[in-house]
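# Structural characterization, general
Chain by chain, the residues run as shown.
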Amino acid sequence: MAKVKTRRQLAVETAVLAPLDWIDERTGAVRGTKWFLFRNVPRDISWAQTLGFATLIAFAAQALTGAILAMYYKPSSEIDPTTGKPIAYASIEHITSELTLGWLVRGMHRWGASVFVILLFLHMGRVFLFGAYKYPRELQWITGVLLLVTGMLMGFTGYLLPWDQTAYWATVVGINLNGTAPFAGPWLAQFLAGGPEIGADTLAKWYALHMLLIPGAVIALIGVHLYLVTRLGVVSPPWSKEQAGRIRGEAPAPEGAREGLVRGSGGGD
Amino acid sequence: MARDLGERNREWFARYKDDVKKEGKPFFPRAMLHDTIMGLVTILVMIGLAVVWYYDADGTEPGILGPWYTEPAEPGTTDFIPRPDWYFYFLFYLLRIFEWPETVFIATVGIPTVALVLLLGLPFYDRRPERRPSRRPVAMVAAVLTVVSMGVLTWKGATATEALGSELIELVPEWAEEQGFADDEQAVAGADLFAVSGCLNCHTYLGQGSANLGAPDLSAVGRTNDAAYFVQYLANPAQFGNTVMGSYSYLGQENLEALGAFLEASKGGG
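Quick look at the structure, then. Just so it is clear, the model here is predicted, and its values are computed rather than measured. (Residues numbered from 1 in each chain as written. Chains lettered and ligands numbered in written order. Predicted model: local features only at pLDDT ≥ 70, side-chain atom pairs only at ≥ 80, totals over all residues. Heavy atoms only, no water.)

### A closer look at the overall build of chain B
Put simply, the test is: Secondary structure elements follow DSSP: runs of H or I no shorter than four residues count as helices, runs of E no shorter than two count as strands, and numbering proceeds from the N terminus. For the radius of gyration, the atoms used are the C-alpha atoms, and the globule rule reads 2.2 Å times the number of residues raised to 0.38. Three labels apply to residues, based on accessible area from a 1.4 Å probe with only protein chains included: buried if under 20% of the type maximum, exposed if over 50%, partly exposed otherwise in between. Contacts are assigned to residue pairs that have any heavy atoms within 4.5 Å of one another. Areas reported here follow the Shrake-Rupley algorithm with a probe of radius 1.4 Å; residue values treat only the protein chains shown as occluding. Counting rule for charge: Lys and Arg are taken as positive, Asp and Glu as negative, and neither His nor the chain ends is counted. Think of each charge as sitting on NZ of Lys, CZ of Arg, CG of Asp or CD of Glu.
Helix and strand content of chain B: 10 helices and 3 strands. Along chain B, helices (α) and strands (β) appear in the sequence α-β-α-α-α-α-α-α-α-β-β-α-α when read from the amino end. Over its C-alpha trace chain B gives a radius of gyration of 28 Å, far above what one expects of a compact globule, namely 18 Å for 270 residues. If one aligns the C-alpha atoms of chain B with their principal axes, the spans along those axes are about 85 × 55 × 35 Å. The burial tally for chain B puts 40% of its 270 residues in the buried class. Restricting to contacts in chain B with at least 6 residues of sequence separation, those with at least 24 account for 51%. With the model as given, the accessible surface of chain B reaches about 14300 Å², and the carbon-plus-sulfur share is 62%. Side-chain charges in chain B split into 20 positive and 33 negative, and the spacing between the mean points of these groups amounts to 31 Å.

This is the structure in structure tokens:
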């Protein structure tokens, strides 16, 4: 039986599609989404190639839990006269042991940082193993390395915020390490410490770095990274017999291998 | 070379795009389903870690994943051993390898910078189109060496303990001989105190101790000032513009004088 759309169905369709068309005509957002979603990937891609998406999810979870923590965290090293504890420390105590599910949000954020860093390294290892950084994905690799660096900086700056002994002394060491750099070192250490002593100014500065500046850089880099992966696609596992881009006729073809190179004689990278 | 590298690269990529178009599978929903499953696993791992961490610890009482928090930050304490988060252990341990003040920048700036430049430049010096690991022996060996060395450094960083006072006190006769204060009882007593009071958590002395906190080497500090100055300094470092180091006046005047004598006798040896 052939499908015949009733007038009612047509009306509903138009009502749904018209606003989308309106938006698409002005922004290209619908075409962009289709471009992102309705594309083909090689049929032989492996589970190892889901690590990049997992890293993205870990970052999204960090952003969400981080935003919630920011609603309750107070970046101040001042001593609260009633509790005798620094205000930042007391707010972390409050989040962990009094706020409903605060422990879960803080726990996920704290351990999510480790998960995020591990996934960054695993994803990079996969890309290296697959040789996926080669032509034409060089910029993809560079944005990835910059994401690794900014991701580690997130961990470095976030570590101070609980304002406990672990946080404080690790940061003292971290700032002094920056101070050993030639030329810029002392300036960098002075900037990071926000003064001669690690105190109120340091905490506010690191909070801003951790919450605004570095995440902004991470999000921008992720945007470029995702655009490039959509534009250039993902590679097949290099050992696959049916990989995209294989040379037909001469089975397990060394794609683009140098002519005259004896098999197995290396050549190296 | 028969054909230009750029030309071969472009031919390969044109073939790749053609193959993906003709025989590939749709990203949505099939590939995205796998991605979503992996994303959910990631979230579950984060929740799992949070649950274990929270229920196994209690306040400053550590559980299997450490405490909720340690004591509030206290700039005056001197006995706290600084530890970064675990994923910085490899950098942290490099500092123990290059512990001499003149070489510290190799660990803090030199090696990380070289590593970062090598990493960023990878697609530009490894330009061969070959992607199979079995045909990239140099890349694979380099990768294994990198992973192993980072693993070892992380492990060593995780298990490293600062030298204990009881170990350092064994070195006092050696120091006394090298600095020539073996006959000065007061200086030797000061050296014993110096070894057990945690001074070497921040300072270095004749190659011992930790330079992590950026405190100066004291091997030849006796050339700069006399004992009376050091006693005053130890009692109130802030008075001398040093706001990082805490006061040691709790040691008592007799002990401070012993430390002062020891520091005055420390003229760099040789």
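### Some remarks on unusual backbone geometry
Residue Pro136(A) is reached from Tyr135(A) by a cis peptide bond, and omega for that bond is 0 degrees. Locating Pro136(A) in the fold gives a position in the loop between helix 5 (102-129) and helix 6 (138-158). At the junction of Phe28(B) and Pro29(B), the peptide bond is cis and its omega measures out at 5 degrees in the coordinates. One non-glycine residue, Leu101(A), lies in the positive phi region at around 60 degrees.

### Focus: helix 3 (residues 89-97) of chain B
Among all positions in helix 3 of chain B, only Tyr89(B), Phe90(B), Phe92(B), Tyr93(B), Leu94(B) and Leu95(B) are buried. Among the structural elements, helix 6 and helix 7 (165-179) of chain A together with helix 4 (104-125) and helix 5 (137-159) of chain B are those in contact with the buried residues of helix 3 of chain B.

### Description of the packing of aromatic side chains
Operational definition: We call Phe, Tyr and Trp rings a pair once their centres come within 6.5 Å, taking the six-membered ring for Trp, and we label the pair stacked below 30 degrees between planes, edge-to-face above 60, and tilted otherwise. We call a charge positioned above a ring when the Lys NZ or Arg CZ atom is no farther than 6 Å from the ring centre and deviates by at most 35 degrees from the ring normal.
Per the counting criterion, the structure on display carries 35 aromatic pairs over all chains. Pairing Trp103(A) with Tyr55(B) gives two aromatic rings, centres 5.4 Å apart and planes at 75 degrees, and the pair type is edge-to-face. On the criterion of chain membership, the pair formed by Trp103(A) in helix 5 and Tyr55(B) in helix 2 (residues 27-56) is interchain, its members lying in two chains. Judged by centre distance (5.0 Å) and plane angle (85 degrees), the ring pair of Tyr54(B) and Tyr55(B) falls under edge-to-face. On the accessibility criterion, Tyr55(B) (58% relative accessible area) is exposed. Within the aromatic cluster, the residues linked to one another by ring pairs are Tyr89(A), Trp103(A), Tyr54(B), Tyr55(B), Trp68(B) and Tyr69(B). Here Lys205(A) stacks its cationic end above the ring of Phe191(A), 4.3 Å away from the centre of that ring. Geometry around Phe128(A) places Arg136(B) over its ring, the cationic atom sitting 5.5 Å from the centre.

### What about the pattern of salt bridges?
To be explicit about the condition: By convention in these notes, a salt bridge is any Lys or Arg side-chain nitrogen within 4 Å of a carboxyl oxygen on Asp or Glu.
Per the counting criterion, the structure on display carries 11 salt bridges over all chains. When salt bridges that share partners are traced, they join Arg43(A), Glu242(A), Arg246(A), Arg248(A), Asp19(B) and Glu23(B) into one network.

### Quick notes on the packing of helix 6 of chain A against helix 9 (residues 200-232) of chain A
A pair of packed helices can be characterised by two numbers: the angle between their axes and the separation between those axes. Residue and element names in this part refer to chain A. Stated formally: Helix axes are fitted to C-alpha atoms over the stretch in contact, other axes to C-alpha atoms as well, and angles between N-to-C directions run from 0 to 180 degrees. Here the word oblique covers every angle except those under 35 degrees (roughly parallel), over 145 (roughly antiparallel) and from 65 to 115 (roughly perpendicular). Crossing handedness is read from the near helix: turned anticlockwise from the far helix by less than a right angle, it gives a left-handed crossing, and turned clockwise, a right-handed one.
Helix 9 packs onto helix 6 with a crossing angle of 160 degrees between their chain directions and a minimal axis gap of 9 Å. With respect to helix 9, the element helix 6 is oriented roughly antiparallel. In terms of crossing hand, the pair formed by helix 6 and helix 9 is left-handed.

### Some thoughts on the nonpolar core
So the rule is basically this: Here, nonpolar core refers to any group of buried Ala, Val, Leu, Ile, Met, Phe, Trp, Tyr and Cys residues whose side-chain atoms link them within 4.5 Å.
In terms of nonpolar packing, the biggest core is built from 69 residues, with Tyr73(A), Trp141(A) and Trp163(A) touching the most fellow members. In terms of residues, this core owes the most to one element, helix 5 of chain A, which gives 12 residues. Not counting residues within four places of it along the chain, the set of residues in contact with Trp163(A) comprises Ser77(A), Pro86(A), Ala88(A), Tyr89(A), Tyr168(A), Ile198(A), Gly199(A), Leu203(A), Pro72(B) and Ala73(B). Listed in part, the 27 residues of the second largest apolar core include Trp175(B), Phe230(B), Ala261(B) and Ala265(B).

### Remarks on the packing of helix 6 of chain A against helix 4 of chain B
Which entries qualify depends on this criterion: Lys, Arg, Asp and Glu make up the charged group, whereas Ala, Val, Leu, Ile, Met, Phe, Trp, Tyr, Cys and Pro make up the nonpolar group; the residues left over, Gly among them, are polar.
Between helix 6 of chain A and helix 4 of chain B, whose axes approach to 8 Å, the crossing angle comes to 165 degrees. One element, helix 6 of chain A, and the other, helix 4 of chain B, form an angle in the roughly antiparallel class. In terms of crossing hand, the pair formed by helix 6 of chain A and helix 4 of chain B is right-handed. From helix 6 of chain A, Glu138(A), Trp141(A), Ile142(A), Val145(A), Leu146(A), Leu148(A) and Val149(A) reach across to helix 4 of chain B, where they touch Leu116(B), Leu119(B), Leu120(B), Leu122(B), Pro123(B) and Phe124(B). Taken together, the residues that form the contact of helix 6 of chain A with helix 4 of chain B break down as 12 nonpolar, no polar and 1 charged.

### Considering the environment of Leu64(A)
With respect to the secondary-structure elements, Leu64(A) resides in helix 3 (residues 51-72). Classification of Leu64(A) by relative accessible area gives exposed; the value is 59%.

### Some thoughts on the interface of chain B and chain A
Our working definition: Accessible-area loss on putting two parts together, using a 1.4 Å probe and summing over both, is the definition of buried area adopted here.
Contacts between chain B and chain A engage 88 residues on the former and 105 residues on the latter. Between chain B and chain A, the buried area comes to about 9100 Å², and carbon and sulfur atoms account for 67% of it. It is Met46(B), Tyr69(B) and Arg131(B) in chain B that bury the most area against chain A; as a group they hold 9% of the surface buried on that side. Of the charged contacts in the structure, one is a salt bridge between Glu23(B) and Arg248(A), with a shortest N-O distance of 3.9 Å.

### Considerations on a nonpolar patch on the surface
What counts here: Residues form patches when they are more than 30% accessible in relative terms and have no salt bridge. Like charges link within 9 Å. Nonpolar side chains (Val, Leu, Ile, Met, Phe, Trp, Tyr) link within 5 Å.
A grouping of Trp47(A), Leu33(B), Ile37(B), Val41(B) and Val45(B) is seen on the molecular surface, where their side chains present a nonpolar patch of about 440 Å² in accessible area. Tracing the backbone through its elements, the reader meets Ile37(B) in helix 2. In this structure Ile37(B) comes out as partly exposed when scored by relative accessible area, which is 38%.

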